[in-house]
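What follows is each chain in one-letter form.
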Amino acid sequence: MGTVSNCTCGVCGTSFGVRSGGGFFFDLLHCDICGKSTTVSHEELGEIHLGYIKGLRVPYAIARAGLDARIQAQYTGPVLTPDEYTAAAEATLAPCECGGTFRYAAPPRCPTCRSTEDQWTVGLNNVSMIVD
Ligand SMILES: [Zn+2]
Ligand SMILES: [Zn+2]
């Protein structure tokens, strides 16, 4: 589950929604140039994600502990480290329309001036939960 916060950019004054946090069943990535967000589901990642869960040896999330224990017990494919997992997952995504690359480490950016989070005011009363 992730959240959407309404933010106002302190540089250009644009208001926009920012999605943050991945979910139990998907990951959230941002474009390394424009900051646009995209998600990739663990189901789409298939063996890439199974190999990562296998390598964790603890549940990825408590809410899905039963599923993770089953993967760890039954999956026999290659084990991926967190670094190998992020590199492999990033490689499955098409480039952003701006020409950038979607990456786990890239921050969200203002859609108008591309400032980052430290320049924004977050509307605390205006957070909506996404139910996945
Ligand atoms: Zn982009
Ligand atoms: Zn801005």
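Residues numbered from 1 in each chain as written. Chains lettered and ligands numbered in written order. Predicted model: local features only at pLDDT ≥ 70, side-chain atom pairs only at ≥ 80, totals over all residues.

**Some remarks on the overall build of the protein**
For the protein, the helix and strand inventory stands at four helices and six strands. In the protein, the succession of helices and strands from N to C terminus is β-β-β-β-α-α-α-α-β-β. Dimensions of the protein, computed from the C-alpha atoms along their principal axes, are close to 50 × 35 × 20 Å. Scored against the burial criterion, the 132 residues of the protein give a buried share of 19%. The long-range share in the protein, meaning contacts at least 24 apart out of those at least 6 apart in sequence, stands at 63%. (Helix = DSSP H or I, 4+ residues; strand = E, 2+ residues; numbered from the N terminus. Buried ≥ 20, exposed ≤ 12 C-beta atoms within 10 Å, placed from the backbone. Contact = placed C-beta atoms within 7 Å.)

**A short note on the sheet that holds strand S4 (residues 37–41)**
A sheet is described by the order of its strands in space; here three strands give the open sequence S4-S3-S5, paired in antiparallel fashion. Both outer strands of the open sheet, S4 and strand S5 (102–103), are each paired with one neighbouring strand and no more. Bridging between strand S3 (residues 26–31) and S5 involves two bridges; their strand directions are antiparallel. In the strand pairing of S5, His30 is matched with Arg103. (Pairing = 2+ DSSP bridges.)

**Quick word on the nonpolar core**
Ranked by size, the top nonpolar core spans twelve residues in total: Leu29, Cys31, Val40, Ile48, Leu50, Tyr52, Ile53, Leu80, Tyr85, Ala89, Phe102 and Ala106. Here this core takes four residues from helix H2 (residues 47–56), the largest share from any one element. Dropping the residues within four chain positions of it, Leu29 is found in contact with Thr38, Val40, Glu90, Phe102, Arg103 and Tyr104. (Core = buried A, V, L, I, M, F, W, Y, C linked by C-beta atoms within 7 Å.)

**Some points on unusual backbone geometry**
Positive phi, close to 65°, is recorded for Arg57, a residue that is not glycine. Within the element layout of this structure, Arg57 appears in the loop between H2 and helix H3 (65–74). A positive phi is found at Arg114, a non-glycine position, where the angle reads about 65°. You can call Arg114 partly exposed: it has 14 C-beta atoms within 10 Å.

**What about the packing of H2 against H3?**
Here H2 crosses H3 at 90°, and the two axes come no closer than 8 Å. Considered as vectors, H2 and H3 are oriented roughly perpendicular to each other. In this structure, H2 uses Leu50, Ile53 and Lys54 to contact H3, whose residues at the interface are Asp68, Ile71 and Gln72. By residue class, the composition of the contact of H2 with H3 is three nonpolar, one polar and two charged. (Axes fitted to C-alpha atoms, helices over the stretch in contact; angles between N-to-C directions. Parallel < 35°, antiparallel > 145°, perpendicular 65-115°, else oblique. Nonpolar A, V, L, I, M, F, W, Y, C, P; charged D, E, K, R; others polar.)

**Quick word on the environment of Gly22**
Relative to the helices and strands, Gly22 resides in the loop between strand S2 (15–20) and S3. Classification of Gly22 by C-beta neighbours within 10 Å gives partly exposed; the count is 18.

**A short note on the confidence of the model for the protein**
Confidence in the prediction of the protein, expressed as mean pLDDT, is 90, and 92% of residues score 70 or more. Mean pLDDT values for the elements of the protein range from 70 in strand S6 (residues 120–129) up to 97 in S5. (pLDDT = per-residue confidence, 0-100.)

**Some thoughts on the pairing of S3**
With five bridges joining them, S3 and S4 adopt antiparallel strand pairing. Following the sheet pairing, Leu28 is matched in S4 by Thr39.

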